2 protein chains.
Amino acid sequence: MNSPVSPRRRSRRNTAAQDTSPSLPQLPYQQVRSSFAPVAPLSEDQLQAIHRQSLKIIAELGVKVLCPDLRRALKAKGCTIRDEIVCMDPGFVEDMVAKAPSSFTLTPRYPDHAIAVGGNVMNFGLVSGPPSVHDTINGRRSGNFADFKNLIRLGQSLNCIHFMGNQACATNDLAVNTRHLDSLLATLTLSDKITSTMSIGAGRVRDAAQMLAIARGLTLDELKSSPTAMTNINVNSPRVLDKEMSSAALELASLGQAVIITPFTLMGAMTPVTFAAALSQQNAEALFTIAVVQSMHPGAPVVYGGFTSNVDMKSGAPAFGTPENSRANMAGGQLARHYGVPYRTSACNASNCVDGQAAYETQMALWGAVMGQGNMIYHGAGWLEGGLVASFEKVIMDAEMLQMMISLTSAQNFDDGDFGFEAMDEVGTGGHFFGCDHTMSRYKSAFYAPILSDWSNNESWLEQGGKTATERAAVIWQEMLRTYREPALDPAIAEQLNAFVIRRKLELGANEP
Amino acid sequence: MNSPVSPRRRSRRNTAAQDTSPSLPQLPYQQVRSSFAPVAPLSEDQLQAIHRQSLKIIAELGVKVLCPDLRRALKAKGCTIRDEIVCMDPGFVEDMVAKAPSSFTLTPRYPDHAIAVGGNVMNFGLVSGPPSVHDTINGRRSGNFADFKNLIRLGQSLNCIHFMGNQACATNDLAVNTRHLDSLLATLTLSDKITSTMSIGAGRVRDAAQMLAIARGLTLDELKSSPTAMTNINVNSPRVLDKEMSSAALELASLGQAVIITPFTLMGAMTPVTFAAALSQQNAEALFTIAVVQSMHPGAPVVYGGFTSNVDMKSGAPAFGTPENSRANMAGGQLARHYGVPYRTSACNASNCVDGQAAYETQMALWGAVMGQGNMIYHGAGWLEGGLVASFEKVIMDAEMLQMMISLTSAQNFDDGDFGFEAMDEVGTGGHFFGCDHTMSRYKSAFYAPILSDWSNNESWLEQGGKTATERAAVIWQEMLRTYREPALDPAIAEQLNAFVIRRKLELGANEP
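Worth saying up front: this structure is predicted, and the values here are computed from it rather than measured.

Q: What should I look at first to understand the environment of Ala278 of chain A in this one?
A: Residue and element names in this part refer to chain A. Along the chain, the position of Ala278 falls in helix α9 (residues 275-296). Overall, Ala278 belongs to the buried group, with 30 C-beta atoms counted inside 10 Å. Sequence separation of Ala278 and Gly332 is 54 residues, and the distance between their C-alpha atoms is 11 Å. Beyond its immediate chain neighbours, meaning those up to four positions away, Ala278 contacts Thr265, Met267, Thr271, Pro272 and Thr308.

Structure (structure tokens):
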């Protein structure tokens, strides 16, 4: 099942004007393929034990499915129902999971920003979900539409970002029942990359799919054969699939769009404290929900999501970027590959400010995600405070880390000239290579060029103000917003999108309780 | 050649009173074995190509050997000499390298702090070499004996530190010709862990070996069969082996003690800008020098060192924790394992302060070192400003990162109880696991407990002063010094060490030019 993804991008180096923020020299937009074999923290025996335990959980303990219609439909497929609990036979789970494709492509309104999902392709997402926002100029505040738009502008400007998550931050200043329309319209205007849609009920995702179809000049039926939309649903661990989530997932699957299924499994709180139990529960919840989707819409694109970290057992507070979280990010990849489905993971941290802790915890999680070969790496830029805050400085610091990962994991091919034997002979012993021809013809692109790191000596650094990385990041995101350029959008399509939103607002406004 | 290391440590959990700083709950002192397979950035073809290119460099370009006696000795072994350049045939290099042991054990005066060097054992070292020192209380200053001693106290107190490097910081306030005596006496008094010795000439390493023998109550002859001493020598890249370094290495090898051989290969400055060239040159310089040592002292313990990073091509400044540095740390491990010798690497950064950059660059280098399965990981705690500064806050931040690596890479065994099936059944759907028996009996040791990371919510964090990780680290190192306890030392041995230093100072003072 785990077939390689066929490359859809025309070339690694994309120089389209839309790709680059002119203020910041950065890596070109590219499809990122890891040249490293994934790291496997689980032995084959452990993997099999977790697999068996997961099937036992699904068969004997089951998952509470809150939607009565879905329970009835699953009963008709042969599942066992006890009150609201649905149990599935191991064979049924395996048969259903086998129907999921091992890879697929999501195409946004700018086709060069299409992303392959599967194989060794790694896509990095902007932070999504935080109720609050922070930057060092304006402080901490409730999530709002203006900040949402600025975060999307940064995500569009940064070439290392491949997709926007469900929502870059909450838009608490917009009406609850129509904010999905406003925020998607803004995203489709400010960005031409893949964006996730909110997963609250069938209506919202259907609205989203329609807007995404309009943006591409396609019908919903045409969108089926070239998916654009995706959403992430969380299983409410332990073992509850709520109606808003399942109906969003099934609606999107019915339209042939992608569903990412992510159990929210913090060890010690939503799962037992042990790694074996947490992984088994994550796996049970993910497989169960994949089976639900595949039983209703065989072959629909789905992604196996892992979000296993631990809590602080003294306070119950969630922790991220811990050794447990990093290991779970790798192990989740092993499990997803075992089932032949693409893998979603994350790069989170629990720091209260953009400091060393924010950086080292993010690196722990990110290395786990990359070495676990995550195909969709959520919260790649901007996550802070365990997800309570979207941080503007953190977006920049994380972009540096993502770019370094892209550079690190890219394939390195040597040719004879790369061995530089003549240069070594020319320079001799005890000399230096700064001025030789071999260097001069290669030095401009020889090494990764940072966007944030400062390698000045101490004297120069002090002369320039002795700024920390966080202080420098504040300069960069402001400059990036100042020089942001909106991607081209056909005025006729813009008009149709606006008209759709106006019409739906009227309909929803009339229906608002 | 790459045989497993036999475990010398009695148990993973060592509860000796000497191990723990009472002020800080930390992981127990332990021999760290990585349960992960190493990451291999080089294909087998690339590895072979680098191997062949290295032998060509040694055979055709050679290495400048500044010591006339050594040149004569190498000529007698069949090497070709042109002026000061020594060339070796590929067969000679391979034969000599094959004489090096694949693993060995270093035993300090406290035998429970012995370290195995080889296989999958990872030993972390305190920062070594910086000319200056920094902490946020007292600022930046020239390296001095008082700070040197405090850094050793921290290295002794931190259970994640296995060895002290050549010198934790410079001791610029001590007389040049005798500071090796003062600093080693201080290290042997303040610490009972493995310590490296300065590699400047045969005399200093012989003094060091004698003091280390005294500290263990052994003769130099007895020390041969149970080595304690080690030193790191740098090849002065490109391709110069100076007399101070070679004579230190050969003196120590003649005493059966360990020599770590580390070419200092910053790409773009000391090597061509290309990765293939830099690795080939690193490999040539390391193999050449290992061959030198083995040809004179067959079977002497040696370690293959890698220190390949890049410079900023705009300024020439060294950069660390770059993608190139991280990849080189992994590739160096592949090469060392190919030759069946233990591997030394590093965890460096180039930041000017203990900020996010310091943390993410260190993580990049550290992950490379750990995934490359470094047996001796130098500069594991305290390195800042590209090695110009030993930072007290960075010691603490790095200790957190090292502990997380120890926790991450330790083997995870599952038993039936770990799957927590009964707890899942008991808690049911939608509940939480905080109070159940399965949690209560395991929660105290379930997760890694940080020494620096703060997982408070924003309100609590602000109430506690809203301190960054660096500000919290400043509190921790001061508390650690306040509660530091000197390890026990037999007064008779202390007396002998003092007498040795007094005698040697008199001798050296008389000989001082």
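Text resumes after the structure shown.
Q: I tried to follow the sheet that holds strand β13 (residues 240-241) of chain B on my own but got confused; where do I start?
A: Paired through their backbone hydrogen bonds, the strands of a sheet run either parallel or antiparallel. Residues and elements named next belong to chain B. The strand order across the open sheet formed by four strands is β3-β4-β2-β13, and the pairing between neighbours is mixed. This sheet does not close on itself; its edge strands, each paired only once, are β3 (80-82) and β13. With two bridges joining them, strand β2 (residues 63-65) and β13 adopt parallel strand pairing. Opposite Lys64, over in β13, you have Val240 as the bridge partner.

Q: Is there a simple way to think about the interface of chain A and chain B in this case?
A: Much of the literature gives interface size as the accessible area that the parts lose upon coming together. With 90 residues of chain A in contact, the opposing surface of chain B contributes 90 residues. Split by residue class, the side of chain A that touches chain B holds 46 nonpolar, 32 polar and 12 charged.

Q: What's the story with the relation of the copies chain A and chain B in this structure? I'm lost.
A: The pair of chain copies shares a relation made of a rotation about an axis and a shift along it. Each copy superposes on the other: chain A lies on chain B with an RMSD of 0.0 Å after a rotation of 180 degrees and an axial shift of 0.0 Å. What we have between these two chains is a two-fold relation. Of every C-alpha in chain A, the one belonging to Gly356 of chain A sits nearest the axis of rotation, 2.1 Å from it. Taken as a fraction of all interface residues of chain A, those also at the interface in chain B reach 100%, which identifies the copy contact as same-surface.

Q: Help me out: how do you make sense of the sheet that holds strand β3 (residues 80-82) of chain A in this one?
A: Residues and elements named next belong to chain A. If you trace the four strands from one edge of the open sheet to the other, you get β3-β4-β2-β13, paired in mixed fashion. Taken across any chain shown, the strands that pair with only one partner, and hence form the sheet edges, are β3 and β13 (240-241). The strands that helix α2 (residues 68-76) touches are β2 (63-65), β3 and β4 (85-87); relative to β2, the one it contacts most, it runs at about 120 degrees.

Q: Even after reading the chapter, I still don't get the nonpolar core, so can you show me in this structure?
A: Nonpolar side chains tend to gather and get buried jointly when the protein is soluble and globular. Core analysis: the biggest nonpolar cluster contains 318 residues, and Val259 and Ile290 of chain A together with Val259 and Ile290 of chain B have the highest contact counts within it. Setting aside its immediate chain neighbours within four residues, Ile290 of chain A contacts Met96, Val97, Ala100, Ile261, Val302, Tyr304 and Val341 of chain A.

Q: Looking at this structure, I do not really get the pairing of strand β14 (residues 258-263) of chain B. What am I missing?
A: Look at any regular strand and the pattern is simple: side chains alternate between the two faces of the sheet. Residue and element names in this part refer to chain B. Judged by how many residues are buried, β14 sits mostly within the fold: six of six residues are covered. Here β14 shows no split at all, with Ala258, Ile260 and Thr262 on one side and Val259, Ile261 and Pro263 on the other all buried. With six bridges joining them, strand β12 (residues 230-235) and β14 adopt parallel strand pairing. Each residue of the ladder has a partner; that of Val235, found in β14, is Pro263. In this sheet, strand β16 (residues 302-305) lies alongside β14 in parallel orientation, the contact comprising three bridges. Looking at the pairing, Val259 lines up with Val302 of β16.

The rules behind each value
Residue positions are given per chain, counting from 1 as you read along its sequence in written order. Key to labels: chains lettered from A, ligands numbered from 1, both in the order written. It should be noted that, the model being predicted, local features are given only for residues of pLDDT at least 70 and side-chain atom pairs only at 80 or more, the latter also being counted only at that level, while totals for whole chains, interfaces and linings use all residues. Secondary structure elements follow DSSP: runs of H or I of four or more residues count as helices, runs of E of two or more count as strands, with numbering from the N terminus. We call a residue exposed when 12 or fewer other C-beta atoms sit within 10 Å of its C-beta, buried when the count reaches 20 or more, and partly exposed for counts in between; the C-beta positions come from the backbone. We call two residues in contact whenever the C-beta atoms placed from their backbones are within 7 Å. For two strands to count as paired, DSSP must find a minimum of two bridges between them. Basically, the charged four are Asp, Glu, Lys and Arg, the nonpolar ten are Ala, Val, Leu, Ile, Met, Phe, Trp, Tyr, Cys and Pro, and anything else, Gly included, counts as polar. Overlaid copies result from least-squares superposition on C-alpha atoms, with residues included only where pLDDT is at least 70 in both. Helix axes are fitted only over the stretch in contact, all axes being lines through C-alpha atoms; the angle between N-to-C directions runs from 0 to 180 degrees. When buried Ala, Val, Leu, Ile, Met, Phe, Trp, Tyr and Cys residues are joined through C-beta atoms within 7 Å, the set is termed a nonpolar core.

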